[in-house]
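# Chain and residue survey
For reference, the chains in residue letters:
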Amino acid sequence: WATSAHTHEDFLECLRLQSEDSASISKLIYTPINSSYLSVLQFSIQNRRFNTTTTPKPLVIVTPLNVSHVQAAVSCSQKHGMHIRVRSGGHDYEGLSYVSVLPFVIIDLINLQSVTVDATNNTAWVEAGATIGKLYYSIAQKSRTLGFPAGVCPTVGLGGHISGGGYGLLLRKYGLAADNVIDAQLIDVNGRILDRASMGEDLLWAIRGGGGNTFGIVVAWKVNLVPVPATVTVFTVEKTLEQNATQLVNRWQLLPLMQESFPELGLAKDDCTEMSWIESTLYFAGFSRNTSLEILLNRTQPSVRFFKAKSDYVKEPMPEVALEGIWESLFQLEVGSGQLIFSPYGGRMSEISESSIPFPHRAGNLYKIQHLAYWDEEGIEESNRHISWIRRLYSFLAPYVSKNPRLAYINYRDLDIGINNQGNTSYKQASIWGIKYFKSNFDRLVHVKTQVDPSNFFRNEQSIPPFSA
Ligand code: FDA
């Protein structure tokens, strides 16, 4: 500890020296002696599992105001051997952007959140610390007929989201958020700022879905905006088991298009509401009609709970016995809650090649399942109870989902599927989890990592290792 305390003093001194205005950078640095340290740390934590008294905390949090501050933070961390974690929106399911077992520094991009929309060329530059909600809001300020295919929850940060792929309601029409990235600004391991021309196509390929905190720090993305109708129709239909939910889900698994071929759902005109695309983003985020669009700028979630999640890909329709097993498992929960979200694939997702970007889950997938367990009581016993529940459900579903390997989505990070060795992880160890997230793209990611960060400076429990490390 004495060594790390000394190192972190040197790190802070380095930051002050590297900054043109040492007084201003001092205001962007938080250590445990600052009265606002805990509130800055906790502000972006989205999973209470990693917000307890025993959760390891950073030695320093730096909240850069501009690119040169990020460059200084990277080069001083390098120079003084500080382990870093990068945070944009803090939604990492396993808390990897703000927790580490090693003494560490958080580079928190919360102040880098500008969005510049060019509605003439249908593009936008978005800083990594901006949220999905801010991007959607900024697009809507300029046009009713432009949108962007990213996630459903407005508070998710674009730094981590696009680094892992990123999807939402426009998935089948336009693919992932990362499929629609055309340029980026990245601070590399040497503190240099790179764009598409200077980083080259391999590195641009890798950062569009190869996982955050691995190839450098993304400061901004340039994205293509997509056309959306001036008016869209939304609906929600609720069904209980008594109303044949099992048979309906069974039937849904094979439907190419709902409105043409799903009379059993009983969708009626009264269930449907017409609205603009931006209003539909509020609808799907769970806000009531007439909520002001400004809510999209709010970075705090209505409720932050304890949770653990897992993901699966379904390639063959599940039999009814599997669906019944899921319901039974949900009924076993006495406290807390469980949720399974089925997201249909197909459409544009089946047209994009598996190696177009690192995200490989394309043709051949009917849908993805996200399994979630939530609870509100503190304590290891509660935590163990809910984590065991979700692990049992995951084991039960093994025969019905993708196999050899059992595939997963990196943005639903799950450390159960494998982690790197601490220190120098091996290719073999990393491939245990890496193949599940990236299939054969894993090898190309290792190749890029070896080129751009051979000393494995940017790393976490599930970051791509270089060959030599
Ligand atoms: P966070 O800041 O925690 O970063 C996640 C990872 O990326 C960490 O490893 C971090 O170090 C790294 N990182 C962050 N910023 C970086 C940067 N600028 N450069 C390099 N690395 C960086 N997903 C989805 O596809 N569709 C959805 O609808 C949703 N919905 C959703 C709702 C809720 C409530 C949660 C908690 C999560 C989701 N997600 C999701 C998952 C989400 O996409 C995923 O957790 C993202 O990685 C979160 O990005 P943040 O920047 O918020 O997280």
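For the protein, an unreviewed UniProt entry supplies the name FAD-binding PCMH-type domain-containing protein and the organism Hevea brasiliensis. If you open the UniProt record of the protein and go to Cofactor (unreviewed entry), you find "FAD".

### Some details on the sheet that holds strand β2 (residues 60–62)
Taking strand neighbours across the sheet as the criterion, the four strands line up as β1-β2-β4-β3 in an open arrangement whose pairing is mixed. Looking at the sheet topology across the chains shown, the edges are occupied by β1 (29–30) and β3 (83–87). Bridge count for β1 against β2 is two bridges, and the pairing is antiparallel. Note on β2: the bridge partner recorded for isoleucine 29 is valine 62.

### As for empty space enclosed by the protein
Enumeration according to the criterion identifies three cavities of 30 Å³ or more in this entry. Size it by volume and the largest cavity reaches roughly 50 Å³. Leu41, Ile45, Phe50, Asn51, Thr52, Thr55, Pro56, Lys57, Tyr98 and Val99 together form the lining of the largest cavity. Here the lining of the largest cavity is composed, by residue class, of six nonpolar, three polar and one charged.

### Focus on the state of the cysteines
The term disulfide refers to a covalent linkage connecting the sulfur atoms of a pair of cysteines. All chains considered together, the criterion is met by one disulfide. Between the sulfur atoms of cysteine 14 and its disulfide partner cysteine 76 the distance amounts to 2.1 Å. Classification of the bridge connecting cysteine 14 and cysteine 76 rests on its S-S torsion, roughly -80°, and on that basis the disulfide is left-handed. Taken together, the residues cysteine 14 in helix α1 (residues 2–18) and cysteine 76 in helix α4 (residues 67–79) connect sequence positions 62 residues apart. Since its relative accessible area comes to 6%, cysteine 14 is described here as buried.

### Focus on the packing of aromatic side chains
Considering all chains together, one arrives at 21 aromatic pairs under this definition. Judged by centre distance (5.0 Å) and plane angle (70°), the rings of tyrosine 136 and tryptophan 277 are edge-to-face. You can see tyrosine 136 sitting in helix α5 (residues 132–142) and its partner tryptophan 277 sitting in helix α11 (residues 277–284), a full 141 residues away along the chain. Like tryptophan 277, tyrosine 136 is buried. Seen from the ring of tyrosine 394, lysine 310 lies directly overhead, with NZ or CZ sitting 4.5 Å from the centre. Here the guanidinium or amino end of arginine 406 rests over the ring plane of tyrosine 394, the centre of that ring lying 3.4 Å away.

### Observations concerning the site of the ligand
Taken together, 32 residues surround the ligand, and among them Val86, Ser88, Ser97, Tyr167 and Tyr409 come closest. Between the ligand and the protein, one listed contact pairs an oxygen atom with a backbone N or O atom of glycine 89 at 2.9 Å. Measuring from a nitrogen atom of the ligand, one finds a backbone N or O atom of asparagine 213 at 2.9 Å. For the ligand, whose accessible area on its own is 950 Å², the fraction buried by protein is 94%.

### Digging into the nonpolar core
Membership of the largest hydrophobic core comes to 69 residues, with the highest contact counts inside it found for Phe148, Ile207 and Trp221. Per-element tally for this core: the top contributor is helix α8 (residues 196–207), with six residues. For phenylalanine 148, the contacting residues outside a window of four places in its chain are Leu135, Tyr136, Ile139, Leu170, Ala177, Asn180, Val223, Asn224, Leu225, Val226 and Trp277. Formed by 28 residues, the second largest nonpolar core is a distinct cluster that contains Val60, Val70, Val74 and Val219.

### A look at the pattern of salt bridges
Scanning the model with the defined rule gives 24 salt bridges in all. Note that lysine 308 is salt-bridged to glutamate 94, the shortest N-O span being 2.6 Å. Of this pair, lysine 308 sits in strand β14 (residues 306–314) while glutamate 94 sits in the loop between β3 and β4 (104–108), and the two are 214 residues apart along the sequence. When its relative accessible area of 3% is taken as the criterion, lysine 308 is described as buried. What makes glutamate 94 buried here is its relative accessible area of 7%.

### What about the sheet that holds strand β16 (residues 367–375)?
One key point about sheets: their strands pair by backbone hydrogen bonds, in either a parallel or an antiparallel sense. Read from one edge to the other, the open sheet built from three strands follows the order β14-β16-β15, with strand pairing classed as antiparallel. Unpaired on one side and paired on the other, β14 and β15 (337–344) mark the two borders of the sheet. On average, each strand axis in the sheet is inclined to that of its neighbour by 15°, with strand direction left out of account. Alignment of β14 against β16, held across nine bridges, turns out to be antiparallel. Along β16, the bridge assignment pairs serine 311 with glutamine 370. Where helix α14 (residues 380–397) meets the sheet, it contacts β14, β15 and β16, and its direction lies at approximately 160° from that of β16.

Parameters and conventions
- Residues numbered from 1 in each chain as written.
- Predicted model: local features only at pLDDT ≥ 70, side-chain atom pairs only at ≥ 80, totals over all residues.
- Heavy atoms only, no water.
- UniProt positions renumbered as here; feature names shortened; annotations may be inferred.
- Pairing = 2+ DSSP bridges.
- Helix = DSSP H or I, 4+ residues; strand = E, 2+ residues; numbered from the N terminus.
- 1 Å grid on protein atoms, 1.4 Å probe; cavity = no way out; pocket = protein on both sides within 12 Å on 5 of 7 lines; lining within 4 Å.
- Points joined across faces, edges and corners; volume = space filled by probe spheres on them.
- Nonpolar A, V, L, I, M, F, W, Y, C, P; charged D, E, K, R; others polar.
- Disulfide = S-S within 2.5 Å.
- Buried < 20%, exposed > 50% of the residue type's maximum accessible area, 1.4 Å probe, protein only.
- Phe/Tyr/Trp six-rings, centres within 6.5 Å; stacked < 30°, edge-to-face > 60°.
- Lys NZ or Arg CZ within 6 Å of the ring centre and 35° of its normal.
- Near = heavy atom within 4 Å.
- Polar contact = N/O pair within 3.5 Å; in protein donor to acceptor, adjacent residues only side chain to side chain.
- Areas by Shrake-Rupley, 256 points an atom, 1.4 Å probe, with all protein chains shown as cover.
- Core = buried A, V, L, I, M, F, W, Y, C linked by side-chain atoms within 4.5 Å.
- Contact = heavy atoms within 4.5 Å.
- Salt bridge = Lys/Arg side-chain N within 4 Å of Asp/Glu carboxyl O.
- Axes fitted to C-alpha atoms, helices over the stretch in contact; angles between N-to-C directions.

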